[in-house]
Amino acid sequence: MSTETLKVIGTGLNRVEGRAKVTGRANYAADNHAAGLVHAYGVVSTIGAGRIESMDLAAAQNAPGVLAILHHRNMPKLYRSPNEFENGTRVGEVRIPFEDETIYYAGQFVALVVAETFEQARAAARLVRVTYRPEKPKLNYFTEERPGDAKESKEHPGYQRGQPDEAWVSAPVKVEAMYSLPVEVHNPMEIHASTARWEDGRLEIHESTQWVVGQHKALAQVLGISPQDVTVHAPFIGGGFGGKLFMWPHTVLAAVAAREVQRPVKFMLERKNEFTTVGHRPPTKQLMRVGASADGKLVALRHDTWCQTSKVQEFMDSVGDVSGVLYDCPNVAITQRVVGGSVGTPTPMRAPGAASGMVGLEGAMDEMAVALKLDPIEFRLRNLAAMDPTEKLPWSGNHVRECIELAAKKFGWDRRDPAVGSMREGDEILGWGFALATWTAERSNATARVELRADGTVRVACATQDIGTGTYTVIAQAAAEATGVPVERIEVEIGRSGLPEGPISGGSMATATVIPAVLAATKKAVAALAKLATQADGVFAGSDPKALTLAEGALHDQRSGRSVPLAATLAPTRVASVSGEAKSAPGPERKKFSFRSFGAHCLEVRWDPGIAKLRVSRVVTVIDAGRIINRKTAANQIYGGIMMGLGMGRLEESVYDLRNGRVLTDNIADYLMPVHADTPDLDVTFIEHPDEHMGGFGARGVGEIGVTGVAPALISAVYHATGKRVRDLPVTIEKLLA
Ligand code: MOS
């Protein structure tokens, strides 16, 4: 479809589910209050490592309203999930809750109290007395600069091209710097929750999940029952950012508890649990070594990384990846090492790998520009990769140069005085920083069903979900575009297992994955409609079904020029609806091109040294993500990503007590995140070049790219204002005053 013919795609259509959300009619996992509902509350480990020696449950069992207490001695038999992403069974934590008496991290669930009311469950949980045999928690990641027992990652091994060591030794200009990022926590507005109900051996569970298909398969595996006996409902999700991609222990506990007490059970986590049992962005250390020629061409790039995982399983944040792809450097080495610790298992967090990795890469690029006395933007422009240097493939589309030039122009970059601390406004010193943004453009498999109905409406069904990103809206737009039926008459059903299998809401790939399936299914539904309409009793009796197309909500005969609206087409046939179901998958184009999105951030800070006040005042961002399906929801994603990047740069840090492994900052008063008062002037632009190799309408997706590059742009701006290069995030006032 060419751009000129598009009517609904590309507009800033309001969210189709917006009214339901603002009027409170949107149903979230913890909103389900089935008759007889009871409540669960988790007892968590207060030690970071060791064993449970004994549990005294007498007082809790006798407390008012208590129905059951589950723990490692009475837990019914469960099975570990095979934990394979491709088969939809990947889980956040492979260990089954209450599997044995071992404690792997503080905050691990050790018992679950089920009671008539939430307050009774919580009160009884506080009466559970657990005696531990504590061991010293393993937290050497935090104390050793380069953890000695780190091992090369199995999930994401290293990478090399050229002669990085020789090139480094002989490089005319060198930068060597260690960057580090703390543990970050997703903290979606909607806390994780599960509401489970069994009926005749079948489980209905309401979940806050980014992947109904995966949750469905993994839950059936763990419970050892047929997937046909499980339905996962997730019509609305209040944010996920990766923390809700894979199943965590509380979901299993809710399901088991409901079966044990034969009542519907709601298990809503508390904010503190968000810091331990549902993943986090792992901390990383990144030793950067960058070499350049005197005229500003990269000659060597080494990115050695360390990441902390749990003692239960490996999770590696592949922070080195970006160093292989973004710049045209002939000699590159990336190592990725991982070390276990007494912490919960990490999980992807918005732009996993890239968000952290860009801090090291773009941080070092900025340092190199200073060393070369080159403008940081000019330095980038001299080194952009013309094709993907790791895959050795042409880009499916890459307009990063246009992003950079437009961002610089909108920001007024040409007025930048490179001298540190030179740009003053009253008491404040301005700092201007720059960094690129990038994220992969994946696409996976999806099936969708499209139903054309006698009342003139269209229904689209797909087991994907909308985590706040706009999936309902973009599906409605795609169906409206393909049928010509107005958006108000498109019904979208997603957020339930059992519908045709759709994509995970992760990796920024839901839009690019689901839209081609919706288009293919529409085609099939139209073919079915044409067949029906050309039968003896049809409105196009005797016409050639192949000559019939659906446009502007009407079936149109290209030969006779006659059009009949959808409702009138179906009326004489007495059929309520026709439907088409189709699967779409990425094709051979994936072997011919490298798919990636790009962007550029210019960021301004204001530093008032008299009162030690640092504020981010302006961010100008330009993104090349192919076609933008909905300008409003897409811009929303980028705004959110930038704010998350500002959190990474300035505020967020999950702090552990090294004596016992407990999280000291397990609430959103101590774990700082940017709020509205921290929001700078945000200027987000998409340069729209539809990606002709992506399929659908050429959209690459926008969920994650916004966060990448923001924190290094901030580090660069702070350096420009203050002369202090803070390489361990977040950039706190204390570090600036040190
Ligand atoms: Mo994103 S970290 O794939 O939810």
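A brief look at the structure comes next.

So, how was this worked out
- Chains are numbered independently. Their residues run from 1 in the order of the written sequence.
- Local features in a predicted model are, by the rule used here, given only for residues with pLDDT of at least 70; side-chain atom pairs are given and counted only at 80 or more, and totals for whole chains, interfaces and linings are based on all residues.
- Water and hydrogen atoms play no part in the side-chain values, which are based on all heavy atoms of the structure.
- A run of H or I in DSSP counts as a helix once it spans at least four residues, and a run of E counts as a strand once it spans at least two, with each numbered from the N terminus.
- Atoms counted for the radius of gyration: C-alpha only. Globule rule: 2.2 Å times residue count to the power 0.38.
- Computed by Shrake-Rupley with a 1.4 Å probe, the accessible areas treat only the displayed protein chains as cover when residues are assessed.
- Note that His is not counted, nor are the chain ends; the positive residues are Lys and Arg, and the negative ones are Asp and Glu.
- Positions of charges follow a simple convention, taking NZ of Lys, CZ of Arg, CG of Asp or CD of Glu.
- What makes a nonpolar core is a set of buried Ala, Val, Leu, Ile, Met, Phe, Trp, Tyr and Cys residues whose side-chain atoms join them at distances within 4.5 Å.
- Three exposure classes are used, based on accessible area relative to the maximum for each residue type with a 1.4 Å probe and protein chains only: buried under 20%, partly exposed in between, and exposed over 50%.
- Residue contacts are defined here by distance: any two heavy atoms, one from each residue, within 4.5 Å place the two residues in contact.
- Should DSSP find at least two bridges between two strands, the strands are taken to pair.
- Ring geometry is summarised as follows: Phe, Tyr and Trp rings, the Trp one being its six-membered ring, pair when their centres sit within 6.5 Å, and such pairs are stacked at plane angles under 30 degrees, edge-to-face over 60 and tilted between the two.
- Both a distance and an angle decide whether a charge sits over a ring: NZ of Lys or CZ of Arg must be within 6 Å of the ring centre and within 35 degrees of the ring normal.

### Quick word on the overall build of the protein
Then comes step 1: In terms of helices and strands, the protein carries 18 helices and 28 strands.
Then comes step 2: Whereas a compact globule of 738 residues would reach a radius of gyration of roughly 27 Å, the protein reaches 27 Å, a difference of no more than 12%.
Then comes step 3: With the C-alpha coordinates of the protein rotated into their principal frame, the extents come out at 80 × 70 × 50 Å.
Then comes step 4: With the model as given, the accessible surface of the protein reaches about 27400 Å², and the carbon-plus-sulfur share is 51%.
Then comes step 5: Both charge centroids of the protein, one from 82 positive and one from 84 negative side chains, sit 1 Å from each other.

### A few points about the nonpolar core
Then comes step 1: I404, L436, L603, F686 and V731 are the most contacted members of the largest nonpolar core, which has 92 residues in total.
Then comes step 2: Per-element tally for this core: the top contributor is helix α9 (residues 354–372), with ten residues.
Then comes step 3: When residues no more than four places from it in sequence are discounted, the contact partners of I404 are I377, L381, L384, F434, L436 and A600.
Then comes step 4: Counting residues in hydrophobic clusters, the runner-up holds 53 residues, among them V114, V256, V312 and I467.

### What about the pairing of strand β5 (residues 109–115)?
Then comes step 1: Judged by how many residues are buried, β5 sits mostly within the fold: seven of seven residues are covered.
Then comes step 2: Pairing of strand β1 (residues 38–44) with β5, which is carried by six bridges, proceeds in the antiparallel orientation. Across the sheet, the residue bridging to V43 is A111, located in β5.
Then comes step 3: Of the pairings in the sheet, the one linking strand β3 (residues 66–71) to β5 comprises five bridges and is antiparallel in character. For L70, the partnering residue across the bridge sits in β5 and is L112.

### Structural notes on the environment of W395
Then comes step 1: Its place among the elements puts W395 in the loop between α10 (376–381) and α11 (400–411).
Then comes step 2: W395 sits in the buried class, given a relative accessible area of 11%.
Then comes step 3: In this structure, the C-alpha to C-alpha distance between W395 and N636, residues 241 residues apart in sequence, is 26 Å.
Then comes step 4: Setting aside its immediate chain neighbours within four residues, W395 contacts V325, A385, A386, M387, D388, P389, F593, S594, R596 and F598.

### What to know about the packing of aromatic side chains
The relative placement of two aromatic rings is captured by the distance of their centres and the angle of their planes.
Then comes step 1: Taken as a whole and assessed by the stated rule, the structure comprises 15 aromatic pairs.
Then comes step 2: On the numbers, 5.2 Å between centres and 35° between planes, the contact of F85 with W211 is tilted. Taken together, the positions of F85 in the loop between β3 and β4 (102–103) and W211 in the loop between β11 (202–207) and α6 (212–223) put the pair 126 residues apart, joining distant regions of the chain.
Then comes step 3: Aromatic pair W211 and F246: ring centres 6.0 Å apart, planes at 75°, arrangement edge-to-face. In this pair, W211 sits in the loop between β11 and α6 while F246 sits in the loop between β12 (230–233) and α7 (249–261), placing the two residues 35 residues apart along the sequence.
Then comes step 4: Here a set of aromatic residues connected by ring pairs shows up, and it is made of F411, W413, W432 and F434.
Then comes step 5: Lying across the ring of F411, R618 places its NZ or CZ 4.0 Å from the centre.
Then comes step 6: Stacked on the ring of Y719, the Lys or Arg R725 has its end atom at 4.2 Å from the ring centre.

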